[in-house]
Every structure is written in structure tokens, then in C-alpha cells.
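Coordinate inspection notes
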Amino acid sequence: MSEITSLTLYELIKNIKEKKISSNEAAKSFVDRAEKSKKINAYVTENFENCLKLSKEFDDKPNFDLKLPGIPIAVKDLFCTNEVRTTAGSNILNNFVPTYESTVTQNIWNEGGILLGKLNCDEFAMGSSNETSFFGNVQNPIAEDLVPGGSSGGSSAALAANLTPVTIGTDTGGSIRQPASFTGTVGLKPTYGSCSRYGIVAFASSLDQAGPMSKDVKDSSILLEVISSFDKKDSTSIDFKRNNYSSELTRNIKGLKIGIPKEYRVDGMPDEIEKFWKKGIEYAKDCGAEIIDISLPHTSYALPTYYIVAPAEASSNLARYDGVKYGLRSSGKNLIDMYEKTRSEGFGEEVKRRVMIGTYVLSSGYYDAYYLKAQKVRQLIKQDFDQAYNKVDAILTPSTPSSAFKIGEKSNDPVSMYLNDIFTVPVNLAGLPGISIPAGVDKNNYPLGLQIIGKPFDEQTVLNIAYSMEEKINYKNNITDWWMK
Amino acid sequence: MDEIMSKNNSEYLIERNDNVYEVVIGLEVHAQVTSNSKLFSSSSTKFGAEPNTQVSLVDAAFPGMLPVINEFCVRQAIKTGIGLKAKINNKSVFDRKNYFYADLPQGYQISQYKYPIVGEGNVILDMPEGQKQVGIERLHLEQDAGKSIHDIDPSNTLVDLNRSGVALMEIVSKPDLRSPDEVNAYIKKLRSIMRYLGTCDGNMQEGSLRADVNVSVRIKGSTDLGTRCEIKNVNSIKFMQMAIIYEANRQVDLIEEGQEIDQETRLFDTKKNETRSMRSKEDAHDYRYFPDPDLLPLEVTDEFIDKLKSEIPELPDDKKKRFIDEFKVSPYDATILVSDIDTAKYFEEVVAKMGKNRDMKLAVNWITGELFAVLNEKNIEIAQSPISAKNLAKLINLIKNGTISGKIAKTIFELMLDGDIDPQIIVEEKGLKQESDPKALEALIDKIINDNREKAIEYKQGKEKLFGFFVGQAMKASGGKANPQLINEILKKKL
């Protein structure tokens, strides 16, 4: 049975369609493996019984025309799921059970997917190591006491540990790509507006975007095709012509121009990352791409800009968690006292820090200097990319400035934690699609990812480049199931 | 103690010692948009439903819920802007106004701050001393909050979210108003325009129209603005006027005592008839406005605006002009007839039903006289009038063509109230038709003169007063049905 869990999504679908494996067998395999993998702490809420039941129902009345026929899938606990507890990794939503379904997850169920459970994440997706979750740290299956990245850390860990064939995360500043990079998996953040935000617990509305996480590039293309849709319930959803990403997937990228931005050679970047990037460039050349040096001059302002815009939006988005309507309520002497106690007990340190920062940068007297300035810089960062795309079809960078670090290593140093997002954040600010694919290991044998950034709505090119390079790189995770011993 | 000088009808000045002060007033009117569903959700907006029965997941701000603009509310705001002769902005932006309150589920109100949907415009007031133009600063769309109820449970505040998310138009005037009378006229005019447009029902009892009142005072003749105080959320014209009078006098007293006026937000206590401080400028909320990232900027094309312009009905000012020009109604009567759209509609229907031989003066008098009296007495609107325009027109025509006298008409009018009865039927059933047959009347008058020979002689000798006596006798003998004009003619001839 362990073979089933190590199959890619594409292989699993094929086996199910050919009736070599039933949906119920698949579900059982993942549930069994999850039972033996509690140490990873990937799940916040298990939906195992229901998943087994639904898989049986699928087998009784199979529909092989669906894109995800009877496929069990675990999702990040930021997606609201009807009648299944949704916590966003926070104590304040510890008891929250939605009566509605996010559009992205609904798209998955509509195509035959079955919910395995809800995966751990940083509280309200604020973090880069999954250490801010109220539900505890997540182990990176690569090695013990290594963070799986964040905020979609439960998703990346579950994927690398073969607890789910594919998964979905959300990415506000790198929360899909960085954990993918840390776990030797693939993670795609689509263009802003590609996947509906309806029913996703909001962190920073102008940056949040859901996306697929998978073992290989093909799987991401299959899942993107399912989850990306125009949705009238999200005013920022964009009605553009979506490709059939999986059937249009090709390794022929001959002649595509790939840009290498010089500003991504940041101060203090380890030599091995520099070498790793150079190697990546060689792979791209081997695939037939033309390499072009480009400049994205405002790159160094991206991180400070992000850490103004995202907390500002978050401070307002999180105001609704006040103990009045749902979620945690602590008792207080009066309304203000109840607010203070509820939010003090309900939110963790990192969330409080960002709410404070966000409130500060929006305050009268500071708004122009921070929020407004950041919005202007955001425009400049967008323009950098626009200009670069006059010359190139895509951009290649490392996904992160380092490999996964130890649990606890950076948890007392928020700034060093924030620096993790240095290569991913500009992509969110510009609303572009970006993918991280595993491309090698560092000196500790920990995986490293390469990031391919595309033009708006050009996920197909991003996927094609990744698909082509993936074949040349031929990376395989070496996971020993150490947590079962 | 307050010396209020009154040069003409609506001027309001306060005199203290040797100083004469005028009051400067600006209004922020919150008008509920007439719409079946809310500004950003599909929940019903019906008034008076059971608490928390008209609340969607969006209105209650559940995690992951997103606002989607209701296009109908946008149309309503633009129409109102057109009615205010205002600039419609092709691009406007929804902002979040952040503050915590139990009846504000999102923790912010979606409003428009820097870029409202409607810019500058104006309205014309008909004051006794003539017309006055009041400037409109802007109109923007925003969400209403829910309702906190403090007096049901002794230890808890209860929250009703039915109103949460309902669309409001905030209409901000320039500080152009100078008296309680002008405020009255302004609110009524605004309400009239919106009711004509069907964009706000203006029902103040149901909270569809309320206002924040900004008041400052200055020495008459000065062009500087004094420090203003904002009186929050006043929900009737009478209370607005009372609040302004109290507040203006309070400020004058302070100035006369050599004290400064603090810029502050105040509340009007309707029971004590006074305003009191709610929060000072220093304690003012920092709302941390910023563009709502869940919503794109609202863009409307010129074609869209032009289309709405073409749907705008005739508004009070134009209608008034037409009534004067076309129907030869006096400006005074026209103002009354157009002030309320239903009155104007009723009047126009009466005019139409009267047909070719119409009598405008009779129509105006019967509507503003007899009918208004009945409506007042029954405390109902003209839309619920117990007598239809069609039957009132018939009654007027019966007077006009001499079938009945004005006096009989009043009797018939009373009878018509009971179920909107056709006056023709009443005339026939009760035999109230005016006696206009000259032969019958001649016989009747011959008899009266015969019976009162002595008086007839006295009349002939010059005692002309007695003419009235004979008219009275004739009317009495006919049971009030004799055509008074004919009686006059015949009597003159016979005496």
C-alpha cells in the first residue's frame, strides 16, 4: 500500500481510471500513513472517516470523466470547508466550523476530490516556518527538527511525507514557494485574480493567492486547471481565458528568453546559493532557453514595502475577530475589556506584532510616510517587471536565500525570519505567477528551490519552463520516514 | 433671555449685548438607498423584520467572505447625484473606515473617503423671501452598521445585524444654511428630490433619513467661519432645529463670556432639549482610512451616466415651472403641489381626468383645502387618499358644469369618503342635483313673492338688503338645490 502514497497525482489518477486502484484504497493508504505520521504534526483537523466513506461512495458510483476522480486531498487550514473546522492556525478560530465552502476547495470537490483533512499553517498565514501556528510546529520530513517553511508548512510537509498526493496552499509573500523550496516539492503561486479568494481566511487581500503544491510540475498543472476559475463572489477575480494547463504542458521551450535579475544577488547571500543559481541558469540553457541579464532596480525596496502593505491590510482584515459573532470569546467587564482579553488570548505573538505594525502605518500622521509611500513603491516594482517583460518571457531566481533552518533558530528574530521572503515577495507585490521547483541540495543535503516568475496570466509558460527544467535537473527527495521509527 | 430678531420670515439671528450673531450650518445627511438588497450582499433590506433574520455571511463578516458591489445601489447614487445637479465621478474608490464596535461586524465600515462617487452640486430652497441656493459638497456611498440594543437585557447589549451593510448615501452640504427654517426647507427639498427619483423613501421614523448637524456662529457680516461642533445622528427635522437653536445659543454664550469653543462631537438629548459633549477633537477616532483591497475602484462610463440621465423623471423645480406655465397655477400653490411627488401625481391625475373644460383653481383649492384637511385629520399620506383623483375630478366637474353647487359639493365630498364613491351616483341617489330649470324656479319664486308681498314692496322702495332674504327663502324652499345664479337672475327680473 505504501506505493500508492508515493505516486504522483497524475499516476494516481491513471491508476484509478484504469481501475487498478480504487478511491477507497487510495484513501485508506493515505489515512494509514497519516496515522503513523502524527509526529510530523501536519494535520490540524482530520477528516479521515468522512474521506473513507466518500471514497467508498465514489467507488460505488465512479465518474472517471472528472479531473480528480476520487482523489483524497488534504488542504491548508486557511480554506473554509463546509462543516469541517477551519482554524487558520489560530486559537481565535479554534472552535470555528464554517457553514460554507471556499470556491477553490469547491472546485476540487466538483472535480471528484475528497477532503482528507486540514493542514497546519502559520497563524493567519503569518510566518515563514510554521512556528506561529497555535497547533504547534510542523516537522520537515527532510530531517528532524527542521522547519517545513511557511506559512503553508503543513501542506509542504504533508506533501513531502506522502500524506497527500497534492495539496493547496496560499501565498501572500512566498507562503507556497518557500515551503516548497524547503521540502523539495513544487509550489505555484498563480497570477493575482486567477484563483478566487472567496472563503479563504484573509491575511492581506491585495496579495493573497491560492495555488497548487505538488510532487512534480505536471501535478501542479493538473491542479491549477481545477482550482483556477473566474468567480463573481470575489471582486478581484479576473475573467481571463484560462489554458488547459495540463494538456498544453510541453517541454519545448526552445528560444524562450529567460531573464536573470542582477539585483537578486543580495548582500550576504551564501556562495552556495550563488552557485546553485548559476547551475540553474545552465539547466535553463540546456533546455534551449536564451539567457538575458535584466535589471529590476527597485528589488531592494520590496521587502520593506511588503512589510508595510501586508500588515496594514492584515490589521484591518483581522478586526472581525472580536469575540462578538463567532470564534473565541473571553469574558470581560465590558465591551472593550472583552475585546482586549479575546484578542490577547486569541492571537499569537507574530499576529499581534503585525496588527500593531499595520495599525501604526495606517495611523493619521504616518499614513503618507508609510502606507502611501509603500503603495507608490509597489507601483515602481510592478513597472520594473513590466519593463523586464519587454525583453524576456520569464525570470529565473533562487526561491529562497537559504535552505530550511532548524526549529527555533529564527523564532526570536523576526527580521531574519522576514528575510526568507526576499525573493518571493516582489512577485506578490507585482501580482505575477511564480513557481518554485526543487533543483538541488545545500551542504547539509537540504533541498533548494529555483523560482520561475512569469508574465501576468502566463502560467502556461511558467509551467512549461519548470516542466522542461525539472526533467534536466532530475531531482529526487531522499526521505527516510525517520518519524515512524 | 434670547433676543431673536426677525427681519423677515426665515432669518435667524442671536443678539447679545451689542453683538448680532448669525449661525452657520452644514448638514451631513445619511439617506438610506431604496434597494431590495444591501450594498455588498444580497440580503433583504426590508424594515421591521425579526432581529438577525436579514443577515448574510458577508454582513456578519464571516472569515473569507468578500463584498461584491450591488450595481443597483450605484445607479441610485448616481441618479441622486443627477437630481442634485452634481458632478458624477467616473472613478470613485471604496475605503475602509476602521473602528471597533459590537454592531460593526467587519471592524470597519466600507465607505468612500477621498474619491466619492458624486462631487459638487446644489439644491434650490423656496423660502418666503425668495429662492436660496445651497451647495452640495459631495455624495458618497457607504454601509450602515447594525443596531446595538441596550435596554432589553439588564446586563448584556444585544446586537441586531439586519441593518448591517444596508446602503446609505451620505450627502454633505456646504456650510450654506443660516437658520432652522432653512434646515427644514433643505431637508424637505432633499427628501422631495429623492422621492421623485425613487432613490430614498425619506422615512425619518424608520431611520431612512438622519443627519449630523455642523453648527458654528459668527458676528453677522463676518466671512470667517467659527469653530464648529458636530451634533451626531439627529433623526427628525424638529430635533435638528431644536439642537441648532440650543447649540448656537450655547456657542454665543461662550463667546460672550470670552471663552473658546472646543471643536467637538456632541449629542442632542431630546428629553432635556440640550446638546452635550460626546468626544473632543483630541479624543477623535483615528479611522485609519485606506482603500478596501477587496474592491476594485468603481468605474462608470459617460454612456452609463447618460443612460441614467435619460431615466430621470421631471424633478420638483421643473415640475413647478411647468405647473405655473402650463396650468397657470400660482407659484405659491405650485410649490405646495410639487413638494411631494405623490401630491404632484394626484394633482396631475385630477387635471387629466377633468378633461377639456377643466378648472385649475377649483382643483387646487379642493386638493389643498378639503382633501388635505381630511388627510391631516386621518394622519395619512395622499397615496392612501380615501378619494381617488378620478372621483375628485368628477366632483369638480359637477361643480363646474352647474350640476351641483359648491355647498352641496361639500356634502357630497363627505359622503364620498366612505369607500371612494362616485359623486355622480351620490347626486342621483340622494337627488342632490341642482335645480336649474328656469320654469320650475320661476314658479317657486312667484310663490315666495306672493307669500311675502309686503317685503317685495319694501324692496322696490329701495330696501335692497331684502334681496338676500328672498335668495335665502328660495334656497330653503328648494332644499338647497336651486342654482344660486339662476335664482339671482329670476329674482332681479321679478322683483
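Computed from a prediction, not measured in an experiment: that's the story for all the values here.

Description of the overall build of chain A
Tallying secondary structure elements over chain A gives 16 helices and eleven strands in all. Reported as C-alpha extents along the three principal axes, the dimensions of chain A are approximately 65 × 55 × 45 Å. Considering only contacts within chain A whose residues lie at least 6 apart along the sequence, 77% involve residues at least 24 apart.

Looking at the overall build of chain B
Per the secondary structure count, chain B includes 15 helices and 17 strands. Scaling as 2.2 N^0.38, a compact globule of 495 residues should have a C-alpha radius of gyration of about 23 Å, whereas chain B reaches 30 Å, well beyond that. Dimensions of chain B, computed from the C-alpha atoms along their principal axes, are close to 95 × 60 × 50 Å. Every one of the 495 residues in chain B was classed for burial, and the buried ones make up 40%. Sequence-distant contacts in chain B: of pairs separated by 6 or more residues, those separated by 24 or more amount to 68%.

Description of the nonpolar core
Inside soluble globular proteins, nonpolar side chains tend to come together where they are buried. Counting 243 residues, the largest nonpolar core has A:Ala466, B:Ala77, B:Tyr186, B:Val213 and B:Val350 as its most contacted members. Composition of this core by domain shows at least three residues from each of domain 1 (3-308) and domain 2 (314-430) of chain B. Within the second largest apolar cluster, ten residues are counted, among which are B:Leu441, B:Ile445, B:Ile448 and B:Leu486.

Looking at helix H2 (residues 180-197) of chain B
Residues and elements named next belong to chain B. Taking 1.5 Å of rise per residue, the 18 residues of H2 would be expected to cover 26 Å, and the 26 Å separating its terminal C-alpha atoms lies within 8% of that figure. With 13 of 18 residues buried, H2 is to be regarded as a mostly interior element. Of the residues flanking the end of H2, it is Gly198, one or two places downstream, whose phi is positive at about 70 degrees.

A word on the domain arrangement of chain B
In terms of domains, chain B is made up of domain 1 (3-308), domain 2 (314-430) and domain 3 (438-494). The centre of domain 1 of chain B, based on its C-alpha atoms, is set 67 Å off from the matching centre of domain 3 of chain B.

Digging into the environment of B:Gln241
Residue and element names in this part refer to chain B. Along the chain, the position of Gln241 falls in helix H3 (residues 237-256). A C-alpha to C-alpha distance of 49 Å links Gln241 and Leu432, two positions 191 residues apart in sequence. Once you skip the residues sitting within four places of it in the chain, Gln241 turns out to touch Pro180, Val183 and Asn184.

Digging into the packing of helix H1 (residues 71-83) of chain B against helix H4 (residues 302-310) of chain B
Residues and elements named next belong to chain B. Where H1 meets H4, the closest approach of the two axes is 10 Å, and the angle between their N-to-C directions is 65 degrees. It follows from the interaxial angle that H1 and H4 lie roughly perpendicular. Every pair of crossing elements has a handedness; the one defined by H1 and H4 is right-handed. On H4, the residues touching Arg75, Ile78, Lys79 and Ile82 of H1 are Ile305, Leu308 and Lys309. Residues of the contact of H1 with H4, tallied by class, amount to four nonpolar, no polar and three charged.

Brief notes about the interface of chain A and chain B
Facing 33 residues of chain A, the contacting portion of chain B comprises 26 residues. Of all the secondary structure elements, the ones that give two or more residues to the side of chain A that touches chain B are helix H10 (302-317), helix H11 (335-346) and helix H12 (349-362) of chain A. Here the side of chain A that touches chain B is composed, by residue class, of 15 nonpolar, ten polar and eight charged.

Analysis parameters
Residues numbered from 1 in each chain as written. Chains lettered and ligands numbered in written order. Predicted model: local features only at pLDDT ≥ 70, side-chain atom pairs only at ≥ 80, totals over all residues. Helix = DSSP H or I, 4+ residues; strand = E, 2+ residues; numbered from the N terminus. Contact = placed C-beta atoms within 7 Å. Rg over C-alpha atoms; globule rule 2.2 N^0.38 Å. Buried ≥ 20, exposed ≤ 12 C-beta atoms within 10 Å, placed from the backbone. Core = buried A, V, L, I, M, F, W, Y, C linked by C-beta atoms within 7 Å. Domains from an automatic or database assignment. Expected span 1.5 Å × (residues − 1). Axes fitted to C-alpha atoms, helices over the stretch in contact; angles between N-to-C directions. Parallel < 35°, antiparallel > 145°, perpendicular 65-115°, else oblique. Left-handed = near helix turned anticlockwise from the far one by under 90°. Nonpolar A, V, L, I, M, F, W, Y, C, P; charged D, E, K, R; others polar.

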